[in-house]
Structures are given as C-alpha cells and as structure tokens.
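A closer look at the structure
One letter stands for each residue in the lines below.
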Amino acid sequence: MVRCAVLGATGYTGIELIKILSAHKGATLTALTTRQPQPIPVNDLIPTLAEKSALMIRRHSFSELKNCADVFFVCLPHTEAAQTVAQLLKAGKTVIDLSADARLKNPADYVTWYGHKHAQPWILKRAVYGLTEIYRREIANAELIANPGCYPTGASLALYPLLEEKLIDPDSIVIDAKSGVSGAGRKMSAATHFCEVDENFKAYKVGTHQHTPEIEQTLAGAAGRKVHVTFVPHLLPLERGILSTIYVRRKAGAKPQAFARAFQKRYGAERFIRFRGEGIFPSLKDVALTNFCDIGIAVDLKSDRVIVISAIDNLLKGASGQAVQNMNVRFNLPEEEGLCR
Ligand SMILES: NC(=O)c1ccc[n+]([C@@H]2O[C@H](COP(=O)([O-])OP(=O)(O)OC[C@H]3O[C@@H](n4cnc5c(N)ncnc54)[C@H](OP(=O)(O)O)[C@@H]3O)[C@@H](O)[C@H]2O)c1
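Nothing here was measured: the structure is a model prediction, and the numbers come from that model. (Residues numbered from 1 in each chain as written. Predicted model: local features only at pLDDT ≥ 70, side-chain atom pairs only at ≥ 80, totals over all residues.)

**Some words on helix H1 (residues 12-22)**
Put simply, the rule is: Labels follow a simple rule on C-beta atoms placed from the backbone: if 20 or more others lie within 10 Å of a residue's own, it is buried; if 12 or fewer, it is exposed; otherwise it is partly exposed. Think of it this way: any DSSP run of H or I at least four residues long counts as a helix, any run of E at least two long counts as a strand, and we number them from the N terminus. Throughout, a residue-residue contact means that the two C-beta atoms, derived from backbone geometry, are no farther apart than 7 Å.
For H1, the tally of buried residues reaches 10 of 11 residues, placing the bulk of the element in the interior. Those residues of H1 lying buried are Tyr12, Thr13, Gly14, Ile15, Glu16, Leu17, Ile18, Lys19, Ile20 and Leu21. Looking at the buried residues of H1, the elements they touch are strand S1 (2-7), strand S2 (27-33), helix H2 (42-45), strand S5 (71-74) and helix H13 (316-330).

Set out below in structure tokens:
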C-alpha cells in the first residue's frame, strides 16, 4: 500500500483527493493537514464519503509528517506550496505538487506572470511536468511531479497532437476557455461569490492569465520551437468543468483527414482521453466528476481554420484526478486505479 499525505486537505482539490484515495485499492491515507486549530473528522468535512474514516484533518509538525507517508500531495496556495515542497525534497520525499510553484522551467516567468521572484527556484530543476499522457515515462521516476494547472490540461491536450504532427501554424493559436467557479478554490473572494457569478458570464485576466506561460511551455515541446498563444479565460456560473474552444490556422498542405488521425495516433490507446471525432463536440456534463478529457474537432476549409474543443472536470483531470493518475504511474500501480468510479 502506498501511504499518502494530503497537505491542505480542507480545500477543493484536497477534498477530491480524500474521496479518490479513500476508495483506492493500492493506496491508504495516513495524514491530512489544515492550519485550523481544532481537528476536523473527515466525515464532517465530507459527509458524502461512503466509508467511515477514523482519520482527523489536523495540524502536524514537519517531523511528525515526514515519516508518515510515501507520497505527499501538496494542495496549498501558490508560494506557500514552494516552501513545503522544498522541505519535503530536502527530506528525500516524493511529492506531487498541485500548485503552480514547480510547473514553469524558467524562474523569470514567475516574476512576469505571478509578480514575484520564486523563493525556491532550485525545485524547478527537480520537477517533472505531470501531464500524464505526454510525460508518462519521466513521471515514472520523478521525485517531484508538478501537477498541471486546470486550463493548461484542457488546452495542451487539445493542441499537442496537431503541433507534434506539424498540421497547424503555431503562431495562430487562440484559446477561448470557460471555467466553473471551483477553479478559484474554496476561499471567498468578491469576484467569485454567488451574487457576482450567478446568472452572469464574463472574461477575466485577458492576455495576462498566469496559466499562459505554462501552456506555451508545453506546446513549445510539441512544436519544437517557441509558441505564443492568445488565451482568454471566462468564468461560468457553474461549480465545475472547463470547456476550451480553440481556433488555429491549418498549415498549407495539411490534409483534412490528417487532423483526426493525429488525435487517434497520439491518444488511441489512452484510457482518459476520448477523441470524439470530427464534428462531435464534448460538453461539460460528459466529463463532470470523471478523469476524462474529451476532444472534438472541426476542419473549416472555407476559413482554413481548425476548431478544437476540449472538456475536462477542473477538479479531477484538471487537478486531483490527474494527480492520482500520476501517483499510479510513479508507484507502478494500474493507471486507472481509483479513477473509474
Ligand atoms: N481548484 C482547482 O480547480 C485547481 C486546479 C488545479 C490546481 N489547483 C491548485 O491547487 C492548489 C489548491 O487549490 P484548491 O482549489 O484546493 O484551493 P483551496 O480550496 O483554496 O484550498 C487551499 C488549502 O490550503 C490551505 N491553506 C490556505 N492558505 C494556506 C496557507 N497560507 N498556509 C498553509 N495552508 C493554507 C487551506 O487549508 P486551511 O485553511 O484549512 O488551513 C486549504 O486546505 C492551489 O495552488 C491551486 O492553484 C487548483
């Protein structure tokens, strides 16, 4: 049994991890943390949990924590996570970090996109980016897995095969993405409270969203050159899910049939990516509460544009589901274990 600790267990991604790992046949939860002074019984936090758990979510000292698990899921806010990840790596532990603190390779990108200098830049060199279907081989030996952001998961999986097969112009990418409100985490904010979001729909951080360099970094790997994208996120009046509608220009000479073939070649054997085909488009309900990423495409010969639409559940394939998929790869467990409820 792989012993698992979830740090930041009271947040949305932590709660999803508790749900998945409680029913996982190859893993067991051994520590759940919070900063709150009073311990919280797991079933009080998650009344829908089928199992009765004796575990308490509570404060832990680092010395107590470090020996009680084989893998540490870090579900802490950005910057807070970096300090904890650094401490865990120094203690020789295996870490899956759900924050953004280990995702970018270039420390200067943190200054540009997150507005601060990275406090522990050395961890970036130790991290493997955890987009499972693309970096599976590296993840199998990683000490630190930088679990991808939710928007980057949906957008990167949708574009990777087309760039890899050189079917689209890498300078033409427009990502129009819409997310449910749980993407912003459980803490309250004026922008995400009910009255602001209900019956509303709006774009935010246009051209400045912090997930932009993460998407560009992954796509550069597929294209074999620098890639810049136009990324416009929107907030949907829904709890969960991300639908990305992506517009790209077809490369001269790229045959219309080649687009579907690129997806079949890259993802045909994948358990969690369902290429729906040409002219069939996913909806958020198709993937809600699952670890699937569904993708559909249209090739518009009139405008020479290809439209790719992907759908994920931001808290599962976009966070905790993919984190467990990565743990399964890292600890040589069946990749779908715990994820096909
Ligand atoms: N939500 C998503 O869709 C999503 C997707 C991908 C990645 N992520 C990333 O995953 C991480 C967790 O996201 P989330 O949505 O679960 O956030 P969240 O709901 O806001 O939860 C954050 C957790 O961290 C703890 N925490 C808050 N501030 C802290 C601090 N200063 N020091 C230590 N602990 C602190 C909170 O616990 P207590 O207050 O009980 O201590 C809570 O358990 C974030 O870095 C986020 O960017 C989120």
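**A short note on the environment of Ala81**
Assignment of secondary structure puts Ala81 in helix H4 (residues 80-90). In the structure, Ala81 is positioned 238 residues away from Ala319 in sequence and 15 Å away in space, judged by C-alpha atoms. Not counting chain neighbours up to four residues away, the residues in contact with Ala81 comprise Val74, Leu76, Asp97, Ser99 and Asp101.

**Topic: the domain arrangement of the protein**
How big an interface is tends to be reported as the loss of accessible area on association of its parts. Basically, it comes down to this: As annotated, the domain borders come from an automatic or database domain assignment.
Per the domain assignment, the segments making up the protein are domain 1 (2-148 + 318-330) and domain 2 (151-314). The distance between the C-alpha centroids of domain 1 and domain 2 comes to 25 Å. Tallying the contact residues gives 19 residues for domain 1 and 24 residues for domain 2. Contributing elements (two or more residues each) for the side of domain 1 that touches domain 2: helix H5 (108-114), helix H7 (132-139) and H13.

**Brief notes about the site of the ligand**
Using the following cut-off: Being near a molecule or strand means, for a residue, that its C-beta atom, positioned from the backbone, comes within 6 Å of it.
Not every one of the 30 residues close to the ligand is listed here, only the nearest: Gly8, Gly11, Ser99, Gly185 and Arg186. The set of elements that each furnish at least two residues to the shell around the ligand consists of H1, H4 and H13. At three residues, H1 tops the list of elements feeding residues into the shell around the ligand. Each of domain 1 (2-148 + 318-330) and domain 2 (151-314) contributes no fewer than three residues to the shell around the ligand.

**Remarks on the packing of helix H8 (residues 150-164) against helix H11 (residues 256-267)**
For any two helices packed against each other, one specifies the inter-axial angle together with the distance between the axes. We count it as follows: A fitted line through C-alpha atoms represents every axis, and for helices the fit uses only the stretch in contact; the resulting angles, taken between N-to-C directions, go from 0 to 180 degrees. Roughly parallel means an angle under 35 degrees; roughly antiparallel, over 145; roughly perpendicular, 65 to 115; everything else is oblique. Ten residue types, Ala, Val, Leu, Ile, Met, Phe, Trp, Tyr, Cys and Pro, are classed as nonpolar, four, Asp, Glu, Lys and Arg, as charged, and the remainder, Gly among them, as polar.
Contact geometry of H8 with H11 gives a least axis separation of 9 Å together with a crossing angle of 110°. When the axis of H8 is compared with that of H11, the two are roughly perpendicular. Along its contact with H8, which presents Tyr160, Pro161, Leu162 and Glu164, the element H11 presents Phe259, Ala262, Phe263, Lys265 and Arg266. Taken together, the residues that form the contact of H8 with H11 break down as six nonpolar, no polar and three charged.

**Focus on the sheet that holds strand S14 (residues 293-300)**
Inclusion rule: One bridge is not enough; two strands pair if DSSP finds at least two bridges between them.
Strand order in the open sheet formed by seven strands is S10-S11-S9-S12-S15-S14-S13, and the pairing between neighbours is mixed. Two strands lie at the open edges of the sheet, namely strand S10 (202-203) and strand S13 (273-278), each paired on one side alone. Where S10 meets strand S11 (residues 230-235), two bridges bridge the pair, whose relative direction is antiparallel. Residue pairing for S11: Ala203 is matched across the bridge by His234. The strands that H11 touches are S13, S14 and strand S15 (305-312); relative to S13, the one it contacts most, it runs at about 165°.

**Quick notes on unusual backbone geometry**
In this structure, Thr79 takes a positive phi of about 80° despite not being glycine. The class of Thr79 is partly exposed, set by 16 C-beta atoms lying within 10 Å. Positioned with a positive phi, Asn332 is a non-glycine residue whose angle comes to about 60°. Looking at where Asn332 falls in the secondary structure, it is placed in the segment after H13. Classification of Asn332 as exposed rests on a count of 10 C-beta atoms within 10 Å.

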